[in-house]
2 protein chains.
Amino acid sequence: MPRKLSTLDPQRLDNQICFAVYSAAHAFNRVYKPLLDRLGLTYPQYLVMLVLWERDDVPVKDIGEKLFLDSGTLTPLLKRLEAAHLVKRTRSSEDERQVLIALTSQGHALKEKARSVPPSILAASDCSVSELVSMKDEIVALRDRLNAAIGD
Amino acid sequence: MPRKLSTLDPQRLDNQICFAVYSAAHAFNRVYKPLLDRLGLTYPQYLVMLVLWERDDVPVKDIGEKLFLDSGTLTPLLKRLEAAHLVKRTRSSEDERQVLIALTSQGHALKEKARSVPPSILAASDCSVSELVSMKDEIVALRDRLNAAIGD
DNA sequence: TCACATTTAATTGTTCGCAATTGAATATGG
DNA sequence: CCATATTCAATTGCGAACAATTAAATGTGA
């Protein structure tokens, strides 16, 4: 039984994996929003905090490499986190080009308040952990192949 | 054999499907950029054009529902497409609240030039069509569950 | 050593993305 | 028929995201 023609048309919106990823990212953002509002964070700010909760006192460049973001995005974002008293920004003394980002005590403390976020997301995705893990692994593999293709 | 503790920590960046989706969306965007530059479109503008190539003379609201975007995003974007002579914006005569978006002849013509975009994306993803289709279906299902969870 | 390249953040300008509000047009209930 | 509610697009304000440029610090080779 042949598929409908429309399910094969590569120029159709609903056949494009990129739109699926794009719209899923926005859907995630809308689920995160009310949870992060209570922490006073936006989603990209939350990502930066996740990086810092794993390793503190990190140069801006390292944060950028982990999150695939550049200084044009991170510099103003980090200034907002500093204004919110969650991080400190200090020039490295060994290499004056680098700016090191360190958590304040409030920044450290926020990690505990943020513990309830992942379980809420899990509930909203209405999906088993193992399914989510395997989807995540597939998406990461695709992302890495795309990033590899950019270098050419 | 037990997993490492870090692979179970839900507060770790690399364990979060949302970050996988977020970073994959940006990776797609970077792959699309040089392709769309030749068409004079940004990625969100390309999405609007995909909608219009499927059905012309559509109210802003319908475009927003297809793309999960609101008028705050679409109104200025559509004005840019109009300035680029790709669409026309006209108030509906039956319902003066609605603004109908119609393709110009240039807008129609651009569809042919855009035919080469999906194959280039496929090549960059370095993945079989059937794998991409099943990933897309899983991601769409997740997105729809997330969007359903927002209503509560 | 010194000219030159590279690295690192910051800056500028454009475009998304969304919350909140506004104002006009339309629909609805009494 | 009329007051009220709803719908739709536009607007405003803020925070990403990124390209392109700048400036300062550091590395490198002749």
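Given the structure is predicted, the values throughout are model-derived calculations rather than measurements.

### What to know about the sheet that holds strand β1 (residues 58–59) of chain B
The strand order across the open sheet formed by three strands is β1-β3-β2 (chain B), and the pairing between neighbours is antiparallel. Only two strands of the sheet have a single neighbouring strand rather than two, namely β1 and β2 (87–91) of chain B.

### A word on the side chain of Gln45(B)
Looking at the secondary structure, you find Gln45(B) in helix α2 (residues 43–54). Once you skip the residues sitting within four places of it in the chain, Gln45(B) turns out to touch Gly40(B), Leu77(B), Arg80(B) and Leu81(B).

### Concerning the domain arrangement of chain A
All names here are of chain A. As assigned here, chain A comprises domain 1 (17–108) and domain 2 (115–152). Taken residue by residue, the interface counts nine residues in domain 1 and eight residues in domain 2. Here domain 1 packs against domain 2, burying approximately 690 Å² in sum over the two surfaces, 83% of which is carbon and sulfur. The interface formed by domain 1 and domain 2 includes zero salt bridges. The tally of links from domain 1 across to domain 2 stands at zero residue pairs in polar contact (both at pLDDT 80 or more). Take the side of domain 1 that touches domain 2: its biggest share by element is six residues, from helix α1 (residues 17–37).

### Examining the protein's contact with DNA strand D
Neighbouring residues of DNA strand D: 29 residues in total, closest Thr42(A), Tyr22(B), Lys61(B), Lys79(B) and Arg89(B). One of the side-chain nitrogen or oxygen atoms of Tyr22(B) is found 2.4 Å away from a phosphate oxygen of DNA strand D. Contributing elements (two or more residues each) for the surface near DNA strand D: α2 (43–54) and α4 (71–83) of chain A together with α1 (17–37), α3 (60–67), α4 (71–83) and β2 of chain B. The residue makeup of the surface near DNA strand D, split by class, is eight nonpolar, nine polar and 12 charged.

Here is what the cut-offs are and how they apply
- Residues numbered from 1 in each chain as written.
- Chains lettered and ligands numbered in written order.
- Predicted model: local features only at pLDDT ≥ 70, side-chain atom pairs only at ≥ 80, totals over all residues.
- Heavy atoms only, no water.
- Pairing = 2+ DSSP bridges.
- Helix = DSSP H or I, 4+ residues; strand = E, 2+ residues; numbered from the N terminus.
- Contact = heavy atoms within 4.5 Å.
- Domains from an automatic or database assignment.
- Buried area = accessible area lost by both parts, 1.4 Å probe.
- Salt bridge = Lys/Arg side-chain N within 4 Å of Asp/Glu carboxyl O.
- Polar contact = N/O pair within 3.5 Å; in protein donor to acceptor, adjacent residues only side chain to side chain.
- Near = heavy atom within 4 Å.
- Nonpolar A, V, L, I, M, F, W, Y, C, P; charged D, E, K, R; others polar.

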